[in-house]
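Report on the structure
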Amino acid sequence: MTGRYNEYPEYKDSGVEWLGNVPMSWELSRIGGVFEERREKVSDKDFSALSVTKNGIVPQLDNAAKTDAGDNRKKVCVDDFVINSRSDRKGSSGTSNLNGSVSLISIVLTPKSITPSFANHLLRSYPFQNEFYRYGKGIHADLWSTNYSEMKNILLAMPSKQEQQKIANFLDHETTKIDILITKQEKLIELLKEKRQAVISHAVTKGLNCDAPMKDSGVEWLGEVPEHWKVCAIKRQLKSLDFKRIPLSSDERGKRSGKYRYYGASGVIDHIDDFIFDEPTVLIGEDGANLVNRSTPLAFSAYGQYWVNNHAHILSPNDGLANYWAEVIEIIDITPLVSGSAQPKFTAEALNNLKITFPSSIEERKTIEDYISNNKKKYDKLMDKGNKQVALLKERKIALISAAVTGKIDVRHWQEQ
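Rules used in this analysis
Residues numbered from 1 in each chain as written. Predicted model: local features only at pLDDT ≥ 70, side-chain atom pairs only at ≥ 80, totals over all residues. Heavy atoms only, no water. Pairing = 2+ DSSP bridges. Helix = DSSP H or I, 4+ residues; strand = E, 2+ residues; numbered from the N terminus. Salt bridge = Lys/Arg side-chain N within 4 Å of Asp/Glu carboxyl O. Buried < 20%, exposed > 50% of the residue type's maximum accessible area, 1.4 Å probe, protein only. pLDDT = per-residue confidence, 0-100. Contact = heavy atoms within 4.5 Å. Core = buried A, V, L, I, M, F, W, Y, C linked by side-chain atoms within 4.5 Å. Axes fitted to C-alpha atoms, helices over the stretch in contact; angles between N-to-C directions. Parallel < 35°, antiparallel > 145°, perpendicular 65-115°, else oblique. Nonpolar A, V, L, I, M, F, W, Y, C, P; charged D, E, K, R; others polar. Phe/Tyr/Trp six-rings, centres within 6.5 Å; stacked < 30°, edge-to-face > 60°. Polar contact = N/O pair within 3.5 Å; in protein donor to acceptor, adjacent residues only side chain to side chain.

**Regarding the sheet that holds strand S8 (residues 73-76)**
The three strands are arranged S5-S8-S11 in an open sheet whose pairing can be described as antiparallel. Each having just a single partner strand, strand S5 (41-42) and strand S11 (100-102) make up the two edges of the open sheet.

Have a look at this one:
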């Protein structure tokens, strides 16, 4: 990370693993020496409820999950630093710009000899977060909490107040620029997704010939379709295999568990765990079938022998073009056809009676399938490139913050440009 930036002239060994070597002029201080813990209990009726998120401290949304502890919360004042003590909320912290209250699971720190904006970057940095949760205790390997009694003993490397502010200004400016670039890349990825879906939708409802004569499909969501295409219920073209449900005992499920791939609600799960086979019934599908999620318009093709859970319908296309029919099914808005609220279901009857359109010719369907496949590869390649760029920018942001708050780069002479 030192590439663009100079290092400090002299360093010393901090004796602290997470800090490493620190600038000679920086002083080591324990958290308990630069912060005071705020433990005042208040009600969210008097002090508005705040949420401790990975984006910092924000007003609690009206639809956020509420507890019965509204009268038993911790007071937060402007410039306090708040961190969620639970390891499964790693990264949820920040310096508050608001007065309010947070749940008791959070630790609230009032700055004594540390600049709030510097504290925000230091205590949200990747190295500090790892150090903080290393002090945690709990009964689960993947869930524990860090108490203030342990946190207060963590050592920090502290520059002068003036230098703290300089580092904070530098990071505010530089991370904002990185965030803008990330946002632009994410918007581009979303546009590519929309374009990719538009290409697929047009291909399976209008075909590839822009000059083909059109006719009214008689189906509202389809509108006009090519004159030579068919319009009929799915069951006329794809056979339901839902009847292939095979009840198996737990012993039988265990014996067969490692032999087949498993398909869940969102696609193939390569690594099969025992919990998957706790269901009383499973499905064994046929090669080249389509699996349709029972609660969302998600369809995908499945090949070879496989397990399927009870959240999917199985359809076998007459022409064997499973990939083509997966694209046809996935563009259908099944929301009006989903019944139930607690556990929404898309019934086999509703699925089989759905109206679809498709070319009469298998050759034309195959041509469209190939066209979609080629375009998906093109857009996926562009989106993959964008996602890699976002990942690199996020890594750069983490590295820049870590380097600045631990003194690995010297920004004392930095000027905003």
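Back to the write-up after that little detour.
**Digging into the pattern of salt bridges**
Overall, the coordinates contain 18 salt bridges when judged by the stated rule. Here arginine 86 makes a salt bridge to aspartate 88, at a shortest N to O gap of 2.6 Å. Overall, the relative accessible area of 35% leaves aspartate 88 in the partly exposed class. One salt bridge in this structure joins aspartate 370 and lysine 366, with 2.7 Å as the shortest N-O distance.

**Section: the pairing of strand S27 (residues 312-317)**
Burial analysis of S27 places six of its six residues in the buried class, which makes it a mostly covered element. On S27, burial covers both faces: Ala312, Ile314 and Ser316 on one face and His313, Leu315 and Pro317 on the other are all buried. Pairing between strand S19 (residues 238-240) and S27: three bridges, direction antiparallel. When the sheet's bridge partners are listed, lysine 239 is paired in S27 with serine 316.

**With respect to the confidence of the model for the chain**
Low-pLDDT stretches of the model should not have their predicted coordinates read in fine detail. Scored by pLDDT, the chain has a mean of 86; 78% of the residues are at 70 or more. Note on residues 271-281: pLDDT under 50 across the span, and 23 contacts to partners over four residues away in sequence or across chains.

**Side note on the nonpolar core**
Across soluble globular proteins, you tend to see nonpolar side chains buried next to one another. Counting 49 residues, the largest nonpolar core has Phe35, Phe128, Met151 and Leu156 as its most contacted members. Discounting chain neighbours no more than four positions away, the residues touching methionine 151 are Ile31, Ile83, Ile107, Leu109, Leu123, Phe128, Phe132 and Thr146. Counting residues in each nonpolar core, the second largest holds 23 residues, with Val204, Trp229, Trp325 and Phe346 among its members.

**Brief notes about the packing of helix H5 (residues 161-206) against helix H9 (residues 362-405)**
Between H5 and H9, the least distance of the axes is 10 Å, while the angle of their chain directions is 170°. Classed by the angle they form, the pair H5 and H9 counts as roughly antiparallel. Looking at the contact of H5 with H9 residue by residue, the class counts come to 24 nonpolar, six polar and 11 charged.

**Considering the packing of aromatic side chains**
Overall, the coordinates contain nine aromatic pairs when judged by the stated rule. Ring geometry for phenylalanine 128 versus phenylalanine 132: centroids 6.2 Å apart, planes at 25°, classification stacked. With a gap of four residues between them, phenylalanine 128 and phenylalanine 132 both fall in helix H3 (residues 126-134), about one helical turn apart. Of the two residues, phenylalanine 128 and phenylalanine 132, both sit in the buried class. With a centroid separation of 5.6 Å and 80° between ring planes, the pair formed by phenylalanine 170 and tryptophan 414 is classed as edge-to-face. Taken together, the residues span a long stretch of sequence, with phenylalanine 170 in helix H5 and tryptophan 414 in the segment after H9 at a distance of 244 residues. Each of the two residues, phenylalanine 170 as well as tryptophan 414, counts as buried.

**A word on the sheet that holds strand S12 (residues 106-111)**
Taken together, four strands build an open sheet; the order of strands is S4-S12-S9-S10 and the sheet is antiparallel. Only two strands of the sheet have a single neighbouring strand rather than two, namely strand S4 (35-37) and strand S10 (93-95). Direction aside, the axes of adjacent strands within the sheet are offset by 20° on average. Sheet topology places strand S9 (residues 81-84) next to S10; three bridges connect them, and they run antiparallel. Note that in S10 the partner of isoleucine 83 across the bridge is serine 93. Packed on one face of the sheet, H3 meets S9, S10 and S12 and runs near 60° to S9.

**Remarks on the side chain of aspartate 319**
Within the secondary structure, aspartate 319 sits in the loop between S27 and helix H7 (322-330). Among the residues examined, aspartate 319 registers a relative accessible area of 17% and is labelled buried. Within the structure, aspartate 319 has its side chain in polar contact with the backbone nitrogen of leucine 321 (distance 3.0 Å).

**As for the side chain of serine 106**
Structurally, serine 106 is set in strand S12. Given the relative accessible area of 1%, serine 106 is considered buried.

**Overview of unusual backbone geometry**
Within the chain, aspartate 79 stands out as a residue other than glycine whose phi angle is a positive 85°. Here aspartate 79 is to be found in the loop between S8 and S9.

**Focus: the environment of lysine 45**
Its place among the elements puts lysine 45 in the loop between S5 and strand S6 (50-53). Remark: the alpha-carbon pair of lysine 45 and glycine 70, spanning 25 residues in sequence, is separated by 7.6 Å. At 3.0 Å, the side chain of lysine 45 forms a polar contact with the side chain of aspartate 71.

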